[in-house]
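# Understanding the architecture of this molecule
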Amino acid sequence: MQRPEHELIRQSWRVVSRSPLEHGTVLFARLFDLEPDLLPLFQYNCRQFSNVEDCLSSPEFLDHIRKVMLVIDAAVTNVEDLSSLEEYLASLGKKHRVVGVKLSSFSTVGESLLYMLEKCLGPAFTPAMRAAWSQLYGAVVQAMSRGWDNE
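One structure accompanies this document, and this report is about it. Since we're looking at a predicted model, the values are computed, not measured.

### Considerations on the overall build of the protein chain
Within the protein chain one finds 7 helices and 2 strands. Start at the N end of the protein chain and walk to the C end: the helices and strands fall as α-α-β-β-α-α-α-α-α. In terms of C-alpha radius of gyration, the protein chain reaches 15 Å, essentially the compact-globule figure of 15 Å for 151 residues. Per-residue burial for the protein chain yields a buried fraction of 42% across its 151 residues. Counting contacts in the protein chain only where the partners sit at least 6 residues apart, residues at least 24 apart contribute 71% of the total. Computing the positive centroid from 15 side-chain charges and the negative centroid from 19, the protein chain places the two 2 Å apart.

This is how it looks when you write it as structure tokens:
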């Protein structure tokens, strides 16, 4: 990825990262809209959520949203050298595989991420910015997918 893309990513993330929980909630609300089957994967203390609202407002899930936003933050920070996150992302992939997440669900997460960025940034979310984020997200998923490969 070239420098202009890095700057687009950083610039847009500065706006989003001012309120990570709010924007992370938009991302997950969209994800559950697109793929409701993911909701049962989120259980805390063996308690399943009966609906999306319960899930999105539970303290445990809000903690999960914070963690996801921190992973995106790490990717943005290391956009020049994602290979430095290689091990971390592969182990994160493995954790997701263990709890039953399918690799195919990550494309829906990607769509939800772009949706959230668009909602947050409005007209400032240009096609070039969308392309830069798609590229970054693709690289992150590629690294995470190694957690599915290594048994």
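After that view, the rundown keeps rolling.
### Quick notes on the nonpolar core
Core analysis: the largest hydrophobic core is formed by 47 residues, its most contacted members being F28, F32, F61, L117 and W133. Secondary structure elements with two or more residues in this core: α1 (3–16), α2 (20–34), α3 (52–57), α4 (59–77), α5 (86–98), α6 (105–121) and α7 (127–149). Considering every element that reaches this core, the biggest residue donor is α7, with 10 residues. What F32 contacts, discounting residues up to four positions off in sequence, is L38, L39, F42, V52, C55, L56 and F61.

### Let's talk about the packing of α2 against α4
For the pair α2 and α4, interaxial distance at closest approach is 9 Å and the crossing angle is 100°. Overall, the two elements α2 and α4 adopt an arrangement that is roughly perpendicular. Contacts from P20, L21, H23, G24, T25, L27, F28 and F32 in α2 reach F61, L62, H64, I65, R66, V68, M69 and I72 in α4. Of the residues that constitute the contact of α2 with α4, the class distribution is 11 nonpolar, 4 polar and 1 charged.

### Focus: the packing of aromatic side chains
Inspection of every chain in the model, using the stated rule, returns 8 aromatic pairs. Here the aromatic rings of F28 and F32 are separated by 6.3 Å at their centres, their planes lie at 45°, and the arrangement is tilted. In this pair, F28 and F32 are both assigned in helix α2, 4 residues apart and thus about one turn of the helix distant. Neither residue differs from the other here; F28 and F32 are each classed as buried. Taken together, F28, F32, F42 and F61 form an aromatic cluster joined through their ring pairs. When the ring centre of Y115 is taken as origin, the NZ or CZ atom of R30, which lies over that ring, is 4.3 Å away.

Definitions and limits used
- Along each chain, residue indices are assigned from 1 in the same order as the chain's sequence is written.
- Given that this is a predicted model, residues contribute local features only at a pLDDT of at least 70 and side-chain atom pairs are listed and counted only at 80 or more, while totals for whole chains, interfaces and linings are drawn from all residues.
- For side-chain calculations, the full set of non-hydrogen atoms in the structure is used, while hydrogens and water are omitted.
- Strands here mean DSSP runs of E at least two residues long; helices mean DSSP runs of H or I at least four residues long; both are numbered from the N terminus.
- Using C-alpha atoms as the atom set, the radius of gyration is obtained and then compared with a globule rule of 2.2 Å times the number of residues to the power 0.38.
- Exposed residues in this analysis have more than 50% of their type's maximum accessible area, buried residues have under 20%, and partly exposed residues fall in between, with area computed by a 1.4 Å probe over protein chains only.
- Contact criterion: two residues are considered in contact whenever any of their non-hydrogen atoms come within 4.5 Å of each other.
- Charge counting treats Lys and Arg as positive and Asp and Glu as negative, with His and both chain ends excluded.
- All charge positions are set by atom: Lys at NZ, Arg at CZ, Asp at CG, Glu at CD.
- To form a nonpolar core, buried Ala, Val, Leu, Ile, Met, Phe, Trp, Tyr and Cys residues must be joined to one another through side-chain atoms within 4.5 Å.
- Every angle, taken between N-to-C directions, lies between 0 and 180 degrees, and every axis is a line fitted to C-alpha atoms, over only the stretch in contact when it is a helix.
- Should an angle fall under 35 degrees it is taken as roughly parallel, and over 145 as roughly antiparallel, whereas 65 to 115 is taken as roughly perpendicular and any remaining angle as oblique.
- Residue polarity is assigned by list, with Asp, Glu, Lys and Arg as charged and Ala, Val, Leu, Ile, Met, Phe, Trp, Tyr, Cys and Pro as nonpolar; anything else, Gly included, falls into the polar class.
- Only centres within 6.5 Å qualify two rings of Phe, Tyr or Trp (six-membered ring in Trp) as a pair; their planes then separate them into stacked at under 30 degrees, edge-to-face at over 60, and tilted for everything else.
- We call a charge positioned above a ring when the Lys NZ or Arg CZ atom is no farther than 6 Å from the ring centre and deviates by at most 35 degrees from the ring normal.

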